[in-house]
Amino acid sequence: MLGNLSKTISVSVLSGLAIVLITSVTTPNVGHGAKIIAKLGHPLPPPTPLHKWALMFKSEVEKRSGGRMEIKVFPMSQLGTIPRMIEGTQLGTVEIVTIPPGFFTGLDKRYGVLAAPGIFKDLPHAHRTIHDPEFKKAFWPIGESKGLKMIGMSADAETSYASVDPIRKLSDFKGKKLRVFGSKFEIETLRRVGATGVPMPLSEVIPAIQQKTIDGNKAAIVVFVPFKYQTVAKHVLRTNSSVICINRVTNKRWFEKLPADLRKIVADVASETDRKIINISVAVHKKLYKVWTKTGGTFSELSADEQVELDRRLSTVGEHILKKQPGVLKMYKMMKSVAARTK
């Protein structure tokens, strides 16, 4: 389960001193003229926005560097599970990863605030919030003491529910067990509609649905279509209650050892690609919902009254979960304030 995996990261990753010693060995010498090769790992297949971002980033970095840098993209967890990719990035065996922030909560619980429901009205709104200077100043440097340097963020997907039996109204959630990323926000969200959130790695979800261990998955259409969920859980409910964001993270020591011009290219291209990907994400969503229905899936939305009721139930999840975590609560309130200002 993700909660346990996150704990494993924080326990198994070496102490700060050991990270410095190991990365000094594993981080390649990047200052002496040889071509620099960087591995970029992520967990999803094409045609997800996450993969499109990786390919756009690769193309532009290689172009601007004049062949001095090569980005090798490894989708679908080819470099290991999500916790292993994060650990590898800390240690310097992986240079760049693009992964949702909720998976970094074993390193710092403040990463988890983006999973709180009821903050963003849509993908463009989330994009404006996570790129707001106030948010960036507070959130983006969180991982630097753990050997991670954030170079970008994007808002890739609206969360939805894919289920074996249709969920068309709030009462249909009652008694269901649905996979979630693993944050307490998501578990509490499911509790408030009468369901149980079951943290689970993405690779285990379809077998668990087939074995009737769970009734569905809380994720996004950009996951459901490429993984052919319509064959096991063909009913999708859109609730627009939260957004899946993505961290773009490098090994901090590797990034800082790059020649100054290449360091600027990496940072500039990441920022520019973030700006480009938001419109692509919106377009991909529209396209994938059409693909979903053409390939046997169904989707529905709550009635206006039911959506209002869901919003009411979820409006206090953040404060409830964080009431005994003042540092995380401060980050959550800042994010909520920025989101209100950028709406």
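Structural data are supplied above this passage.
Here's a quick rundown of the structure.

Conventions we followed
Residues numbered from 1 in each chain as written. Predicted model: local features only at pLDDT ≥ 70, side-chain atom pairs only at ≥ 80, totals over all residues. Heavy atoms only, no water. Core = buried A, V, L, I, M, F, W, Y, C linked by side-chain atoms within 4.5 Å. Buried < 20%, exposed > 50% of the residue type's maximum accessible area, 1.4 Å probe, protein only. Helix = DSSP H or I, 4+ residues; strand = E, 2+ residues; numbered from the N terminus. Contact = heavy atoms within 4.5 Å. Arc of directions from axis to C-beta. Axes fitted to C-alpha atoms, helices over the stretch in contact; angles between N-to-C directions. Left-handed = near helix turned anticlockwise from the far one by under 90°. Nonpolar A, V, L, I, M, F, W, Y, C, P; charged D, E, K, R; others polar.

## Let's talk about the nonpolar core
Of all hydrophobic cores here, the largest spans 84 residues; its most connected members are Phe104, Leu114, Phe135, Phe139, Met153, Phe173 and Tyr229. By residue number, the principal contributor to this core is helix α14 (residues 326–342), which donates 8 residues. For Phe104, the residues in contact, after removing those within four places along its chain, are Ile86, Val97, Ile99, Tyr111, Leu148, Asn247 and Val249. Formed by 21 residues, the second largest nonpolar core is a distinct cluster that contains Ala54, Ile96, Ile151 and Val266.

## With respect to helix α12 (residues 304–314)
An α-helical turn contains 3.6 residues, so a residue and the one three or four places further along point in the same direction. For α12, the set of buried residues is Gln307, Leu310 and Leu314. Buried residues of α12 fall within an arc of 60° about the axis and therefore sit on the same side. Turned more than 90 degrees away from the buried face of α12 sit Ala304, Asp305, Val308 and Arg312, all of them exposed. Against α7 (184–191), β8 (235–251) and α13 (317–322) lie the buried residues of α12.

## Topic: the packing of helix α3 (residues 49–64) against helix α11 (residues 260–294)
Running from N to C, α3 and α11 cross one another at 145°; their axes reach a closest spacing of 9 Å. For the pair α3 and α11, the crossing hand works out as right-handed. Here the residues of the contact of α3 with α11 sort into 12 nonpolar, 2 polar and 7 charged.

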